[in-house]
Amino acid sequence: MEKLTIAFAKGRILEEAVPLFEKAGIPVTPLKNPGRQLIFDQDKFRFMIIRAADVPVFVKYGAADLGVVGKDTLLENDFNLFELLDLKIGVCRISVATISGRRIDRERILRIATKYPNITKNYFAGRGKQVEIIKLYGSMELAPVAGLADAIVDLVSTGRTLRENGLEEVEIIEPYISSYLVANRNLFYVRNELIAEVVRRLRSVLED
Amino acid sequence: MDRKYFLPPGSREIIGEKAGSLWNLEKKLAAIFEDSGLRRIYPPLLEYHQVFTRGIGPEKEKKTYKLIDPSSGSLLVLRSDITPQIVRTWWSLGYPEDFSVYYFERVVRIEDQYSGEERELFQGGVELLNLSADPETKLLTLLYEILTALNLPSPVIVIGSSEITDLLSESYPEITPCLKRRDISCVEKHATDEFLKQLLINPVDEINGGIPGKLADKVEELFKVSEEIRRKNGFTVKIDPLLFPPSSYYSGIIFKVICDDGSEVIVGGRYDGLLERFGKRAPAAGFAIDLITVASIL
């Protein structure tokens, strides 16, 4: 039988997912020290390590049956996946931050730097506020400091990175972001037995 | 190399052997449809925008190409769905009885560049409008005939009903989005009903009990339909009370056929409600086949 393919978002999510999957008896041991390898076959499973933003794309097109990815990525673009289970890992929030002590001038159109243009647009539009969005791919914190933007919209977990770069959190957009187990909407039915088994095992670990 | 003669993203042309297998598939399907007494229809490429605002939900409307008729200033659309067109035809003919037609047409939809989505889809389909007999029975009979004739690799038929999802949305309005996403964690936070949690993970293979009143009756009806499919044809059927309709115009049984690689090859169901939007509620059902995907599998 074809292997059940699970795509993991690399970085912090992968690091926190490995112990969870291991406790659930899913053989993710090779993911502990992956080196440069991105794909691993183990028993009935195939594991892939992918950039977070690409995980939903692999799952959407059936290149992976399941994925582990942050809710932030799922909120930013609707990939029409089943979001089966909150894995309660990679917990953080999405916030607006600006240079500490700076008063945001509400009279003019703000420039916001972010890697989440849709979340940002919807949040400010919901408050009747027009903003100009600059899409960046990393090191958001630099944008206000370097004068590229008035504020940023980014993930915050402890707030340490913000503080160390002279920024402060001024508004919280999404107070709870965590990683989800997601499934392809059609493969969910085709491979239901194995997927249901993975969900059951993860749930029992999460309930402990 | 001069780049100016490339195709726009999401467009395609079909030539040679692939065109041959597409043509053979259409002939094969047409023979089945003709034998069942359906008549061929060629709907127009352009329609007035209001046919589509009436006929499809806002999500699909957003994906529809619009253009302004230079002679009148009216808003026109390049068709993004055939079903509303057929219902419009039925309206223009004065609501005839037993209006059963089939088509092989292309529709176009707006998709993001680099999304990997095709903008032009090749669809074959049947639409059964205002039948004197039950349209579901006829539609499912056609479906089995097609599946038998095509011999697709281990097709899975997923069946649900918009009557069930409507009931669920009424009973659990606050968690409807979670049910659509099959988000177990979210449902658990807001509802204690054990049957809901079961349904989220496993589409039912048997009734486990615990499904309340009216909902249970509807699920029971689905079981009867699926038993018949299993008994007659031996196809794999999954009953999924949480199968939400892909378009807002469905009102009754809905289904999709999936191949073992996850490709969705047929989608359809009952849509009496769409006819009502065009002035007269009457029994109607239909399905569309993704011709390119099917031709590439065969």
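Scoring rules and cut-offs
- Residues numbered from 1 in each chain as written.
- Chains lettered and ligands numbered in written order.
- Predicted model: local features only at pLDDT ≥ 70, side-chain atom pairs only at ≥ 80, totals over all residues.
- Heavy atoms only, no water.
- Helix = DSSP H or I, 4+ residues; strand = E, 2+ residues; numbered from the N terminus.
- Rg over C-alpha atoms; globule rule 2.2 N^0.38 Å.
- Buried < 20%, exposed > 50% of the residue type's maximum accessible area, 1.4 Å probe, protein only.
- Areas by Shrake-Rupley, 256 points an atom, 1.4 Å probe, with all protein chains shown as cover.
- Lys, Arg positive; Asp, Glu negative; His and termini not counted.
- Charge placed at Lys NZ, Arg CZ, Asp CG, Glu CD.
- Domains from an automatic or database assignment.
- Contact = heavy atoms within 4.5 Å.
- Buried area = accessible area lost by both parts, 1.4 Å probe.
- Salt bridge = Lys/Arg side-chain N within 4 Å of Asp/Glu carboxyl O.
- Polar contact = N/O pair within 3.5 Å; in protein donor to acceptor, adjacent residues only side chain to side chain.
- Axes fitted to C-alpha atoms, helices over the stretch in contact; angles between N-to-C directions.
- Parallel < 35°, antiparallel > 145°, perpendicular 65-115°, else oblique.
- Disulfide = S-S within 2.5 Å.
- 1 Å grid on protein atoms, 1.4 Å probe; cavity = no way out; pocket = protein on both sides within 12 Å on 5 of 7 lines; lining within 4 Å.
- Points joined across faces, edges and corners; volume = space filled by probe spheres on them.
- Nonpolar A, V, L, I, M, F, W, Y, C, P; charged D, E, K, R; others polar.
- Expected span 1.5 Å × (residues − 1).
- Arc of directions from axis to C-beta.
- Pairing = 2+ DSSP bridges.
- Core = buried A, V, L, I, M, F, W, Y, C linked by side-chain atoms within 4.5 Å.

The helix and strand tally for chain B stands at 12 helices and 11 strands. In terms of overall dimensions, chain B is globule-like: its C-alpha atoms have a radius of gyration of 20 Å, near the 19 Å expected for 298 residues. Across its three principal directions, the C-alpha atoms of chain B cover 60 × 50 × 40 Å. Split into buried and exposed, the 298 residues of chain B put 52% on the buried side. Accessible surface computed for chain B: about 14200 Å², of which carbon and sulfur atoms make up 52%. Taking the 36 positively charged and 45 negatively charged side chains of chain B as two groups, their mean positions are separated by 3 Å.

Attention shifts here to the domain arrangement of chain A. All names here are of chain A. Its domain assignment divides chain A into domain 1 (4–90 + 178–207) and domain 2 (92–175). Contacts between domain 1 and domain 2 engage 6 residues on the former and 10 residues on the latter. With both sides pooled, the region where domain 1 packs onto domain 2 buries about 660 Å², and carbon together with sulfur makes up 47% of that total. In terms of surface lost to domain 2, no three residues of domain 1 exceed Asp72, Leu75 and Glu76, which account for 70% of the buried area on that side. For the interface between domain 1 and domain 2, the tally reads 0 salt bridges. Our count for the domain 1 to domain 2 interface comes out at 5 residue pairs in polar contact (both at pLDDT 80 or more). A total of 3 residues in the side of domain 1 that touches domain 2 trace back to one element, the largest contributor, which is helix 3 (residues 71–76).

To continue, consider the packing of helix 1 (residues 12–23) of chain A against helix 8 (residues 192–207) of chain A. A pair of packed helices is characterised by two quantities: the angle between their axes and the separation of those axes. All names here are of chain A. Between helix 1 and helix 8, the shortest axis-to-axis distance is 8 Å and the interhelical angle comes to 105 degrees. Between helix 1 and helix 8, the crossing angle belongs to the class labelled roughly perpendicular. Along its contact with helix 1, which presents Leu20, Phe21 and Lys23, the element helix 8 presents Leu202, Val205 and Leu206.

Applying the stated rule across the entire model yields 1 disulfide over all chains. Across the disulfide, B:Cys178 is cross-linked to B:Cys186 (sulfur-sulfur distance 1.9 Å). The residues B:Cys178 and B:Cys186 share a single accessibility class, namely buried. Cysteine A:Cys92 shares no disulfide, and the gap to the nearest cysteine sulfur, in B:Cys186, comes to 18 Å.

Quick look at the layout of surface pockets now. Over the atoms, a rolling probe the size of a water molecule traces out where space has been left empty. Residue and element names in this part refer to chain A. Counted as a void, the second largest pocket has a volume near 1000 Å³. Along the wall of the second largest pocket there are 36 residues; nearest its centre are Ala52, Asp72, Lys115, Tyr116 and Leu155. The residue inventory of the lining of the second largest pocket, partitioned by class, reads 13 nonpolar, 11 polar and 12 charged. When we break the lining of the second largest pocket down by domain, the ones giving at least three residues each are domain 1 (4–90 + 178–207) and domain 2 (92–175).

This part takes up the pattern of salt bridges. All names here are of chain B. A complete count under the given rule lists 32 salt bridges over all chains for this structure. Among the ionic pairs, Lys66 bridges to Glu61, the shortest N-O distance being 3.6 Å. Overall, the relative accessible area of 36% leaves Lys66 in the partly exposed class. What makes Glu61 buried here is its relative accessible area of 17%. For Asp134, the salt bridge goes to Arg270, with nearest N and O atoms at 3.7 Å.

Residues lying three or four places apart along an α-helix face the same way, a consequence of the helix completing one turn every 3.6 residues. Residue and element names in this part refer to chain B. Its 20 residues give helix 1 (residues 16–35) an end-to-end C-alpha distance of 29 Å, which sits within 8% of 28 Å, the value for a rise of 1.5 Å per residue. Where helix 1 is concerned, the buried positions are Leu22, Leu25, Glu26, Leu29, Ala30, Ile32 and Phe33. Considered in projection along helix 1, the buried side chains sweep an arc of 160 degrees and stay on one side of the axis. Helix 1 presents Gly16, Glu17, Trp23 and Asp35 as exposed residues on the side facing more than 90 degrees away from its buried surface. Where helix 1 is buried, its residues contact strand 5 (99–108), strand 6 (120–129), helix 5 (135–150), strand 11 (284–290) and helix 12 (291–297). Phi turns positive, to about 85 degrees, at Gly37, one or two residues after helix 1.

The next point concerns the pairing of strand 4 (residues 75–78) of chain B. All names here are of chain B. One ladder, built from 3 bridges, connects strand 2 (residues 46–48) with strand 4; its direction is antiparallel. Bridging across to strand 4, Leu46 finds its partner in Leu78. Pairing of strand 3 (residues 66–68) with strand 4, which is carried by 3 bridges, proceeds in the antiparallel orientation. Counted as the bridge partner of Leu67 is Leu76 from strand 4. The antiparallel hairpin formed by strand 3 and strand 4 contains 6 residues in its connecting segment, where Gly73 sits at a positive phi of about 80 degrees.

Our next topic: the nonpolar core. One finds A:Phe21 and A:Leu181 to be the most contacted residues of the largest nonpolar core, which totals 141 residues. Of the residues forming this core, the biggest block, 8 residues, is contributed by helix 5 of chain B. One finds A:Ile112, A:Val131, A:Ala151 and A:Val153 within the second-largest nonpolar core, a separate group that totals 15 residues.

Attention now goes to the side chain of B:Glu120. All names here are of chain B. With respect to the helices and strands, the residue Glu120 is situated in strand 6. Given a relative accessible area of 15%, Glu120 falls into the buried group. Looking at Glu120, its side chain comes within polar contact range of the side chain of Arg106, at 2.9 Å.

Contacts between the two partners involve 27 residues from chain B and, on the opposite side, 22 residues from chain A. Summing both sides of the interface, chain B and chain A together bury roughly 2000 Å²; the carbon and sulfur share of this comes to 50%. Three residues, B:Arg181, B:Arg182 and B:Ile201, lead the burial of chain B against chain A; their summed loss comes to 27% of the area buried on that side. Counting the contacts that link chain B with chain A gives 3 salt bridges. The shortest N-O distance in the salt bridge between A:Glu83 and B:Arg181 comes to 3.3 Å. Applying the counting rule to chain B against chain A returns 14 residue pairs in polar contact (both at pLDDT 80 or more). Broken down by secondary-structure element, the contributors of at least two residues to the side of chain B that touches chain A are strand 7 (156–161), helix 7 (176–181), helix 8 (184–190), helix 9 (194–201) and strand 9 (253–258) of chain B. Looking at side-chain class alone, the side of chain B that touches chain A contains 9 nonpolar, 5 polar and 13 charged residues.

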